[in-house]
Amino acid sequence: MSEKLQQIINKQHKTLAGDDIKIDEVIQLVGFIVGDEEFSVPILSIQEIIKPISWTRVPQTPAYILGVFNLRGSVIPLIDLRSRFGLEMIKHTEETRFIVMKNGDDVAGFVIDRLTEAIRLPKRDVGPAPETISEEESLIDGVGKQADRIITILKVDKLLERNF
Amino acid sequence: MDEFQEILQDFLVESFELIEQLDQDLVELESRPDDLDLLNRIFRVAHTIKGASSFLNFDVLTHLTHHMENILNLARHGDLVIDADVMDIILESIDLMKALLVRIRDTGVDGGLDVSACVVRLDAAASGTPIAAAAPVAEEPVAAAPAEEEPDYSGMSEAEVEAEIERLIAVRQAEDAAKRAAKNPAPAESEEEPDYSGMSDAEVEAEIERLIAVRQAEDAAKRAQKASGTELEPAAPAAAAAPAPAAQPKAAPAPKAAPAAPAPRRAENKEDGENRGGGSVEQTIRVDVKRLDHLMNLIGELVLGKNRLIKINDDVEERYEGEAFLEELNQVVSIVSLVTTDLQIAVMKTRMLPIGKVFNKFPRMIRDLSRELNKKIELEITGEETELDKSIVEEIGDPLVHIIRNSCDHGIETPETRLAGGKNETGTIQLKAYHEGNHIVIQIIDDGKGLDPDMLKAKSVEKGIITEKEADGMSDKEAYGLIFRPGFSTAAQVTSVSGRGVGMDVVKTNIEKLNGMIDIDSEVGQGTSMKLKIPLTLAIIQALLVGVQEEYYAIPLASVLETVRISKDEIYTVESRSVMRLRDEVLSLVHIGDIFEVERVFDNSEHAYVVVLGLAESKIGLIVDSLVGQEEIVIKSLGEYLKGIEGIAGATIRGDGGVTLIVDVAALMQMAKSVKSTVGNESSDAKGRSGAKTSPSDYCVMIVDDSKTDRTIMRKALEPMGITLVEAVDGVEALNVLKQGDHSFDGMLIDIEMPRMDGYTLASEIKKYNKYKNLPLIAVTSRSGKADRMRGVESGMIEYITKPYSPEYLMNVVKRNIKFNEGL
């Protein structure tokens, strides 16, 4: 009896999920472009995404730290991801966004070139980061494979870690 | 269990409050041993704590306080004179009591500390006085009994003395108990009294136990009675007043005294206690500090909101000038801003504590120190009711302890020295607190031997804290500041009090942490005055907003001494540091742009603003492009990611919603030491004057020195550069060479001591000519005193090289000043 019930519930789950994968095996990501590459971070690590606002430079910091900005009364660091990834900084465009990410109490805003989309990715389609990069230093959590493209998934805790 | 915890909390809070007062009372008591009021107050503290702790089953604490109560009770009845030795023991026991209370607070039990030694000493003290042994039930001591026992002591061996003491203690305790019992209304107990002498030790113990129990019951009854008495009090006088107003004072105590105490003195005490209880019923509640902190944070947000609102109001006013609703908006904005300010002040006040909280522990400390150091020191406290923020009260304690210890140890001389020096044998330390604007000033003044700047310098040089050269250039004030350097101690020998060279260093750090300033004044033989100036509160501060290029920074107004507008000509370079003359001082300067790596794109104004910053005992001038104004700011942290950035204390949000960084003045002063000056390099016309240089020999430098040797040394040092060198033997010749105009000089090296015309005169002569206004004049001399440098600066020299120097150094200084192009 209970076995039958279980089967029915399972079937319902499958119909809800729209495919054969169970819900807990899907990761939800937000994709964005920095330079020529598409990156993504887990949707749950994003506090909010805002349009660029003014910020204040903070001295004695690496160039990729643009400064701090005011997010509804909180002073939050602003990090330029282009510069963080060793690319040349460009002027902000209409599509530039600040993604405010959080990990526990650590919060920071990241400048990205443009948003792409929210992505649902089965866990089995996520491969490990390339082995050429040492595990400790790497900002890359894994690589997501989709039909037509490859998405790099970033480690939010590493991004929010002070490294100077 | 919860109820017990609640009672325990109340007990601890009450006990700590009582003890705080206790220390002060005890020290006062030593000078006025027969002040009954004081004695009663102290007795009551011991008594209250004993009562409560026995109720809460803190046996160790009860045991200790019981014996303290004993000895105080004796004193209270005039049976024991409290001299310094007795006081030492009492104070020791109070320390122990505090330790026990702390232990209870932290662990919940009162074990782990051994009180027996202290108890024995307390009892010994109680019985040690001649009168004590015989004090019978009567109030007046009868001196018959001790007279017999006393002579024996001298002949006794140590063991015998011990035994005797033990015995006396037992007897004494019995007597105390009996005395107490006698005051008890139960008449039966007074009959038992004669039996004690016949009892064995064990019996006495048992009897004591019993009596204590009786006593506690009595206490409880009394307390209950007191409580009801307090309530009744307003009614009592009224009732008494109706029949016979004249009799009122007598009538009032009578009903209360009657049931418990036949002894008149006891009645007085009680009356006293009740008046106190009745008079000081304060309308207070205890609030968790966390709640206040939270409230303060909310107010902070409100202040930011207010700032923003004002800014928006201004914008709206501009845009819709003359519209009717503006008036209304204006009104609302002013009301909101007014209320916010009031609210902020009100909340700040709830966090205020009288500084007496900190001052209270000093009389005791001074007393202990003076006994330890064998000095006579008196402490005068004024302004203990001055209030300041709780967080500051907590921080200020340690620095004050260090300063006062220092004054006792190093400042105040021994009585003999003082007498020999024609001073009063007793040294005085004054501790003052008062408000000054948005600051509180705490002043510690001693009339001791004062600070000797020369001695301080010599000592620092000896310890390698400063170099001989630095010492020469120091003013007296700067020399006083040396006592704050780590590793500095002027005490010839390390005592337990000071001399380890950590204390004053801590003072400076703590005061800087509070954005405070230290000002020392001293006169040898007359004493020292130390002034600590501390802002009233920390979370919301007044700040001066300054601009550099397109950036703004907020400087805590507490650290700003003044602002001055100067022309760029007033900035001089001494040994590659920028300085200016501010009245009779030389102020080192640093550009805010150099500290905070601001790119200076446009910089063509003739004038600059200098913000004179003062912190602890040091001063510096900060050059900024513009002064924006004064604003109330709320300090926000930069968060985990950006914390600890040198020179930045935090950030604040401005009225326009932007973020402005707050300058950490202490760090800035440190950074300024290592920042190379760029101020002097701005004179653009220097380049124009030197024209197009195509080879090193196009550069021309004049060497003015009367000594052939010195001229040769300079020539040898500069020849490798390949520049043209011209020599002159004194000022007159140099001036002539210059006037002839055969060479276009890029710089001059000038000795100070020369015949006919010295270096200073030469420099001022040269500067009289407009075309030489920017000619770099470099003094090369063996005179290194501050006054000499200052004269050099005044006469127009921009660099000051002291002999001896290394050839490379000379070359570098010259290269820098003549803008030598290495590429040639």
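Everything below is about the structure shown above.
These notes cover the structure that comes with them. For clarity, every value in this text was computed on a predicted model and none was experimentally measured.

## Side note on the overall build of chain B
Then step 1. Of the regular secondary structure elements, chain B holds 33 helices and 23 strands.
Then step 2. Every one of the 824 residues in chain B was classed for burial, and the buried ones make up 33%.
Then step 3. Of all intrachain contacts in chain B linking residues separated by at least 6 positions in sequence, the fraction that spans at least 24 positions is 68%.

## Some remarks on the nonpolar core
Then step 1. Core analysis: the largest hydrophobic core is formed by 153 residues, its most contacted members being Val68 and Phe110 of chain A together with Val701, Met748 and Ile750 of chain B.
Then step 2. Tallying contributions element by element places helix 19 (residues 390-411) of chain B first for this core, with six residues.
Then step 3. Setting aside chain neighbours within four positions, we find methionine 748 of chain B in contact with Val701, Met702, Val704, Leu775, Leu777 and Ile778 of chain B.
Then step 4. Of all hydrophobic cores here, the second largest spans 38 residues; its members include Leu26, Ala46, Ala75 and Leu96 of chain B.

## Looking at unusual backbone geometry
Then step 1. One non-glycine residue, glutamine 60 of chain A, adopts positive backbone phi at about 55°.
Then step 2. Positionally, glutamine 60 of chain A belongs in the loop between strand 3 (46-50) and strand 4 (65-71).
Then step 3. Here the phi dihedral of asparagine 374 of chain B falls at roughly 55°; this positive angle occurs in a residue that is not glycine.
Then step 4. Relative to the elements of secondary structure, asparagine 374 of chain B occurs in the loop between helix 18 (361-373) and strand 2 (377-382).
Then step 5. Exposure remark for asparagine 374 of chain B: the 9 C-beta atoms within 10 Å place this residue in the exposed category.

## Focus on the sheet that holds strand 21 (residues 747-750) of chain B
Residues and elements named next belong to chain B.
Then step 1. Spatially, five strands are ordered 20-19-21-22-23 in an open sheet, and the strand pairing comes out parallel. Lying at the two open borders of the sheet, with one neighbouring strand each, are strand 20 (724-728) and strand 23 (799-802). On average, adjacent strands in this sheet sit at an angle of 20° to one another, irrespective of strand direction.
Then step 2. In the sheet, strand 19 (residues 700-704) pairs with strand 21 via four bridges, with the strands oriented parallel.

## Notes on the packing of helix 18 of chain B against helix 19 of chain B
Residues and elements named next belong to chain B.
Then step 1. The N-to-C vectors of helix 18 and helix 19 enclose an angle of 30°; their axes lie 10 Å apart at closest approach. Accordingly, the angle class assigned to the pair helix 18 and helix 19 is roughly parallel. The two elements helix 18 and helix 19 meet at a crossing, and its hand is right-handed. Residues Phe362, Met365, Ile366, Leu369, Ser370 and Leu373 of helix 18 form the contact with helix 19, whose own contacting residues are Ile404, Arg405, Cys408 and Asp409.
Then step 2. Along the lines of polarity and charge, the residues of the contact of helix 18 with helix 19 split into seven nonpolar, one polar and two charged.

## Details of the sheet that holds strand 4 of chain A
Sheet strands line up and pair through hydrogen bonds in the backbone, either parallel or antiparallel.
All names here are of chain A.
Then step 1. Read from one edge to the other, the open sheet built from five strands follows the order 3-6-7-5-4, with strand pairing classed as mixed. Both outer strands of the open sheet, strand 3 and strand 4, are each paired with one neighbouring strand and no more. Here the strands of the sheet are splayed against their neighbours by 30° on average, with no regard to which way each runs.
Then step 2. Here strand 5 (residues 74-80) runs beside strand 7 (residues 106-112); their pairing, made up of three bridges, is parallel. Looking across to strand 7, one finds that leucine 78 is bridged to glycine 109.

## Focus on helix 18 of chain B
Then step 1. Helix length check: helix 18 of chain B (13 residues) gives 18 Å between terminal C-alpha atoms against 18 Å at 1.5 Å per residue, within 8%.
Then step 2. Three or more residues of helix 18 of chain B are buried, namely Phe362, Pro363, Ile366, Arg367 and Leu369 of chain B.

Definitions and cut-offs
- Residues numbered from 1 in each chain as written.
- Chains lettered and ligands numbered in written order.
- Predicted model: local features only at pLDDT ≥ 70, side-chain atom pairs only at ≥ 80, totals over all residues.
- Helix = DSSP H or I, 4+ residues; strand = E, 2+ residues; numbered from the N terminus.
- Buried ≥ 20, exposed ≤ 12 C-beta atoms within 10 Å, placed from the backbone.
- Contact = placed C-beta atoms within 7 Å.
- Core = buried A, V, L, I, M, F, W, Y, C linked by C-beta atoms within 7 Å.
- Pairing = 2+ DSSP bridges.
- Axes fitted to C-alpha atoms, helices over the stretch in contact; angles between N-to-C directions.
- Parallel < 35°, antiparallel > 145°, perpendicular 65-115°, else oblique.
- Left-handed = near helix turned anticlockwise from the far one by under 90°.
- Nonpolar A, V, L, I, M, F, W, Y, C, P; charged D, E, K, R; others polar.
- Expected span 1.5 Å × (residues − 1).

Shape is all these values report; function is a separate question.
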